[in-house]
Amino acid sequence: MNAQPRPTFVMIMWFLWTAVCGAVLTLAGVFLYLNPQLPSAESYRHVRLETPLRVVANDGALIAEFGERRTIPAALAEVPQLFVRAILDTEDKRFYEHGGVDLITLFNSTVDLVMNMGEITRGGSTITMQLPRNLGTFSLDQVFIRKFKEILLALKIERELTKDQILELYINVVPFGKRAYGAQAAAYTYYGKPLAELNLAQMAMLAGIPQAPTAGNPINGPERALRRRNLVLQRMFEQGTISREQFDEALAAPNSARVHERTLDVSAPHAAEWVRQILVNRIGTDVYTGGFEATTTLRPNLQATANLAVREGLLRYDRRHGYRGAIGHMELDAEALTDKTALATALTAYPLSPGMEPALVLAVGETGFTALLGANEEVEIAFELMRWARPYIDVNTRGAGASRPADIVAVGDVVNLRQLPEGWALAQAPDIQGALVSVDPKDGAVLAMVGGYDFTNNQYNHAMQGGRQPGSGFKPFVYSAAIEHGITPASIFMDAPLVFEDENLETTYRPKNDGERYNGPTRLREALYRSINLVSMRVLLAVGAGKVIDHAARFGFDTSTFPRNTQLAVGGGTIAITPLQMATAYATFANGGFLVTPHIVTRLATLDGTAVFTDTYPLACEPCEANPETADAGAAPSVSAPRAVDERNAFIVDSMLRDVIRRGTGRRARILERNDIAGKTGTTNEADNWFNGYQQTVATTVWVGFSDHRPLGDNEYGSNSPLPIWIDFMKVALDGVPEVSRPQPPGVVTMKIDPRSGEAVAPDQPGAISEYFLTEYAPEYRPKAQGLPLDGSPPVRPTDIF
């Protein structure tokens, strides 16, 4: 007799079957509801990492990074296996076994959920489930709906990507705090070196951060981070990844993490900011996150040299004008002196100046003083290394020299110190500013740029912004216009007082030379290398202001605000020119008369090296030949830059500017011992000192002045403020560059002249000198000529007299 099923058993089976069907239907409903809300798993195959913009020099040296997130992508093959195991042993030990969801971990999390009455105590998420969250697909709130989405999307991702692809993506996008995303960026951020160079303790520390990247990183939460690191090590040991010896050694290691800013290969903040502005205007703000690399024309060795030359030059100026006193003061008593750590911490409130450190004066003796640095280190400063500090009274006056250290500093003073080969020395951050711009005359590429003393405290770029009076540095363009209009280097002009009467002025205008010295009849060449103002004014009057302005415009100057009076002749009045514009204009004389385009960006590429754009610029050549490297590929010849002046004009002005170095206001530059350099000083009556100079391969302008246009001092000139900076820079820029002689172009003739009258003389006449002339304006040799009138009558040949 067959037994009948018991009603209770049947009911249980029906109940289970109903529950299963209900669960299936519920899951199906959840899937149908949530699936349309999920992104395509295929999109994870093409994730673009949010990587900052890198700005590099012409050889790839890093200059700057721009972007909120610090990301340094690394292929999985480049990641040390020990770190991979640290991640897997801690976050997802069955990663290579499950299909996106670890059922064991999920079951344990569900049990915890029930046992804790609905409170979520553990995530139960696999690495695949965490990936969408780290990419910003879902919010970080621990809610059930998000967990379901993670599960569904994880299953889809596992069908589209391989395990290695998922792990590599995770390692590169997971946040580690301090704006670091990805393990490689975290290694540089916390330890200042690549992931491959970290030890076991450091790798374990990084592997523990993703659980709480903000509160649990080793800087914000060192104790929590240390506990998490030890947990990572424990799990690695339990999984057999590391030995007992490795475990014990790493467990005993201290927390060695600290924030490391990305080390730049060379500092060029003003130039980098220019690059940033160019790219944002051209590409948009996506340039900050798209992993672009911008290649610039900067040469790292020249940029580093420019940084040092400008800094040292401004410090020299500052010391010449005296010591302005301590930058702060702390009241020190016996109790305060017992806590040196607190005093050192207080020093961090004072601004840092390049190459200097703020320090607190602890004691003053007869041979020097003792100071505390911010690193809680005490140093001694000898009196000899502070003796320079005569009190500043005004720009032209200093107080008496100190006879003892107490005349300069007092206990409690906060001062700047600078470490020299001789030891720590008293220093002060200059408030004078300076700029240096160097360009390649061949194509206008910017080789180096410094826009001020300290970019951190003053972002204004004096190399490109605002514009200043160029002073006598503008005279070569006036003289170039004169040569184009028939005046020669041998033309005689009167160096004597001028008087201008204008009914619009209350008084007459009486321009004068520096020092009020006058030389009478003076050749144009001599007037330039001696920088004689009144001759320049007479040249302007002879040529006409309109013609000079039109001529200057061909050198790239914006002449819309140029004055049409004698201030034009001496670079004064309303003239405003930037150092970048001046360097580019002088490059025209260096390259034979071509106006090149100043530029700094040559290429923008993506992370994989794909070029977004590559820019080329006109060259100083006529005609231009095809680049030999691309000629075989059928490349077109390079584009020729427009001509500002003809080659003959540039040759003659160049010869006059070389005399500025040989025997004129730029003769300090003779220390370079080269015959192929040329230039011109520039000194205004008030607040701008310049030196503009070049060799055929490099044109460099240096400007020194105050941002607020204060006077620099009665004894400050283009020859003693900017010229030494120019020399320091050019010494490196021309190192190994062969000296070149400039060939005399057709249409220029050489003749012997009398240096006093400028007349053509017999080649064998004693005391005669050689001079260059445009063929059409060359004087005739007249053996019986006895001189020419100086009474203001119209100019006559063979020699012009004004």
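Residues numbered from 1 in each chain as written. Predicted model: local features only at pLDDT ≥ 70, side-chain atom pairs only at ≥ 80, totals over all residues. Heavy atoms only, no water.

1. What to know about the overall build of the chain
Argument step 1. The helix and strand tally for the chain stands at 21 helices and 24 strands.
Argument step 2. Here the chain holds 802 residues, and the buried ones make up 50% of them.
Argument step 3. Long-range contacts, defined here as pairs at least 24 residues apart, represent 68% of the contacts in the chain between residues at least 6 apart.
Argument step 4. Element-wise, carbon and sulfur atoms account for 53% of the exposed surface of the chain, whose accessible area totals about 37,900 Å². (Helix = DSSP H or I, 4+ residues; strand = E, 2+ residues; numbered from the N terminus. Buried < 20%, exposed > 50% of the residue type's maximum accessible area, 1.4 Å probe, protein only. Contact = heavy atoms within 4.5 Å. Areas by Shrake-Rupley, 256 points an atom, 1.4 Å probe, with all protein chains shown as cover.)

2. Description of the pairing of strand β19 (residues 611-614)
In summary, the side chains of a regular strand alternate between the two faces of the sheet.
Argument step 1. Judged from the three bridges that link them, strand β18 (residues 601-605) and β19 form a sheet pairing that is antiparallel. Across the sheet, residue A605 finds its bridge partner in β19, namely A611.
Argument step 2. The hairpin turn running from β18 into β19, its antiparallel successor, is five residues long, and G609 in that turn takes a positive phi close to 90 degrees. (Pairing = 2+ DSSP bridges.)

3. With respect to the packing of aromatic side chains
Argument step 1. Tallied over the entire structure, the rule returns 16 aromatic pairs.
Argument step 2. Seen from their ring centres, F95 and Y96 are 5.0 Å apart, and the 85 degrees between their planes marks the pair as edge-to-face.
Argument step 3. Taking the relative accessible area as the measure of exposure, Y96 reaches 46% and is therefore partly exposed.
Argument step 4. With centroids separated by 5.7 Å and ring planes inclined at 45 degrees, the aromatic side chains of F474 and F477 adopt a geometry described as tilted. In terms of burial, F474 and F477 fall into one category: buried.
Argument step 5. Clustering of aromatic rings is evident, with ring pairs tying together F474, F477, F555, F557, F562, Y586 and F589.
Argument step 6. The aromatic ring of Y529 is capped on one face by R663, whose charged end is 5.7 Å from the ring centroid.
Argument step 7. Over the ring of F706 we find R710, and its NZ or CZ is 4.0 Å from the ring centre. (Phe/Tyr/Trp six-rings, centres within 6.5 Å; stacked < 30°, edge-to-face > 60°. Lys NZ or Arg CZ within 6 Å of the ring centre and 35° of its normal.)

4. Comments concerning the confidence of the model for the chain
Argument step 1. Per-chain confidence: the chain averages 86 in pLDDT, with 83% of residues scoring 70 or above.
Argument step 2. Per-residue pLDDT stays below 50 along residues 30-38; that stretch engages in 14 contacts with residues further than four places along the chain or on separate chains.
Argument step 3. Scored below 50 in pLDDT, residues 138-142 makes 13 contacts in the model with residues more than four places away or belonging to other chains. (pLDDT = per-residue confidence, 0-100.)

5. Points about unusual backbone geometry
Argument step 1. Of note, the bond from E622 into P623 is cis; its omega dihedral lies within 30 degrees of zero at -5 degrees.
Argument step 2. Phi at S531 is positive, roughly 55 degrees, even though this residue is not glycine.
Argument step 3. Inspection of the secondary structure puts S531 in the loop between α16 (524-529) and α17 (533-543).
Argument step 4. Judged by its relative accessible area of 17%, S531 is buried.

6. Regarding the nonpolar core
Argument step 1. Core analysis: the largest hydrophobic core is formed by 86 residues, its most contacted members being F474 and F557.
Argument step 2. Contacts of F474, omitting those with residues within four sequence positions, involve A552, F557, F562, L568, G571, I575 and I577.
Argument step 3. One finds L131, L153, A180 and A207 within the second-largest nonpolar core, a separate group that totals 49 residues. (Core = buried A, V, L, I, M, F, W, Y, C linked by side-chain atoms within 4.5 Å.)

7. Details of helix α19 (residues 579-590)
Argument step 1. Over its twelve residues, α19 extends 16 Å from the first C-alpha to the last, a length consistent with the 16 Å expected when each residue adds 1.5 Å.
Argument step 2. Within α19, the full set of buried residues consists of P579, L580, M582, A583, T584, A585, Y586, A587, T588, F589 and A590.
Argument step 3. Directly beyond the C-terminal end of α19, a positive phi value near 95 degrees is found at G592. (Expected span 1.5 Å × (residues − 1).)

8. As for the state of the cysteines
Here a disulfide denotes a covalent bond joining the sulfur atom of one cysteine to the sulfur atom of another.
Argument step 1. Within the structure shown, the criterion is met by one disulfide.
Argument step 2. Residue pairing for C621: its cysteine sulfur links by disulfide to C624, the two sulfurs lying 1.7 Å apart. Linking C621 and C624, the disulfide has an S-S dihedral of approximately 100 degrees and is accordingly described as right-handed.
Argument step 3. Judged by its relative accessible area of 18%, C621 falls in the buried class.
Argument step 4. A relative accessible area of 11% places C624 in the buried class. (Disulfide = S-S within 2.5 Å.)

9. Some remarks on the packing of helix α15 (residues 475-484) against α19
Argument step 1. Look at α15 against α19: their axes get within 11 Å of each other, and the N-to-C directions meet at 40 degrees. In terms of orientation, α15 and α19 fall into the oblique class. In this structure, α15 crosses over α19, and the sense of that crossing is left-handed. Residues P476, F477 and S480 of α15 touch α19, and the partners they reach there are M582, A585, Y586 and F589. (Axes fitted to C-alpha atoms, helices over the stretch in contact; angles between N-to-C directions. Parallel < 35°, antiparallel > 145°, perpendicular 65-115°, else oblique. Left-handed = near helix turned anticlockwise from the far one by under 90°.)

10. Examining the packing of α15 against α17
Each pair of packed helices can be described by the angle between their axes along with the distance between the axes.
Argument step 1. With their axes 10 Å apart at the nearest point, α15 and α17 run at an angle of 40 degrees to one another. Compared by their axis directions, α15 and α17 come out oblique. In the packing of α15 onto α17, the handedness of the crossing is left-handed. Every residue of α17 that contacts α15 at K475, V478, Y479, A481 and A482 is listed here: N533, V535, S536, V539 and V543.
Argument step 2. Per-class residue counts for the contact of α15 with α17 are seven nonpolar, two polar and one charged. (Nonpolar A, V, L, I, M, F, W, Y, C, P; charged D, E, K, R; others polar.)

11. Re the sheet that holds strand β20 (residues 678-683)
Argument step 1. Ordered by their spatial adjacency, five strands build an open sheet running β15-β14-β22-β21-β20, and the pairing between neighbours is antiparallel. Whereas interior strands pair on both sides, the edge strands pair on one side only; in this sheet they are β15 (446-450) and β20. When strand polarity is set aside, the average angle formed by the axes of neighbouring strands in this sheet is 5 degrees.
Argument step 2. Where strand β14 (residues 433-439) meets β15, four bridges bridge the pair, whose relative direction is antiparallel. If you follow V439 over to β15, its bridge partner there is V446.
Argument step 3. Together, β20 and β21 (689-695) form the strand contacts of helix α20 (residues 647-663), whose direction differs from that of β20 by roughly 70 degrees.

12. Regarding helix α11 (residues 269-283)
Argument step 1. Relative to the 21 Å expected for 15 residues at 1.5 Å per residue, α11 spans 20 Å between its end C-alpha atoms, a close match to the ideal helical length.
Argument step 2. Within the sequence span of α11, burial applies to H270, A271, A272, E273, W274, V275, R276 and L279.
Argument step 3. G284 sits one or two positions beyond α11 and adopts a positive phi of about 100 degrees.

13. A word on the pattern of salt bridges
Argument step 1. Overall, the coordinates contain 31 salt bridges when judged by the stated rule.
Argument step 2. Note that E771 and R525 form a salt bridge whose closest N and O atoms lie 2.6 Å from each other. Taken together, the residues E771 in strand β24 (residues 769-774) and R525 in helix α16 connect sequence positions 246 residues apart.
Argument step 3. You can call R525 buried: its relative accessible area is 7%.
Argument step 4. Ionic pairing is found between D654 and R658, a salt bridge with its closest N-O pair at 2.9 Å. Taken together, the residues D654 and R658, both in helix α20 and four residues apart, mark about one turn of the helix.
Argument step 5. Its relative accessible area of 2% is what places D654 among the buried residues.
Argument step 6. Note on R658: relative accessible area 9%, which makes it buried.
Argument step 7. What you see here is one network of salt bridges that share partners, running through R525, D659, R662, R663 and E771. (Salt bridge = Lys/Arg side-chain N within 4 Å of Asp/Glu carboxyl O.)

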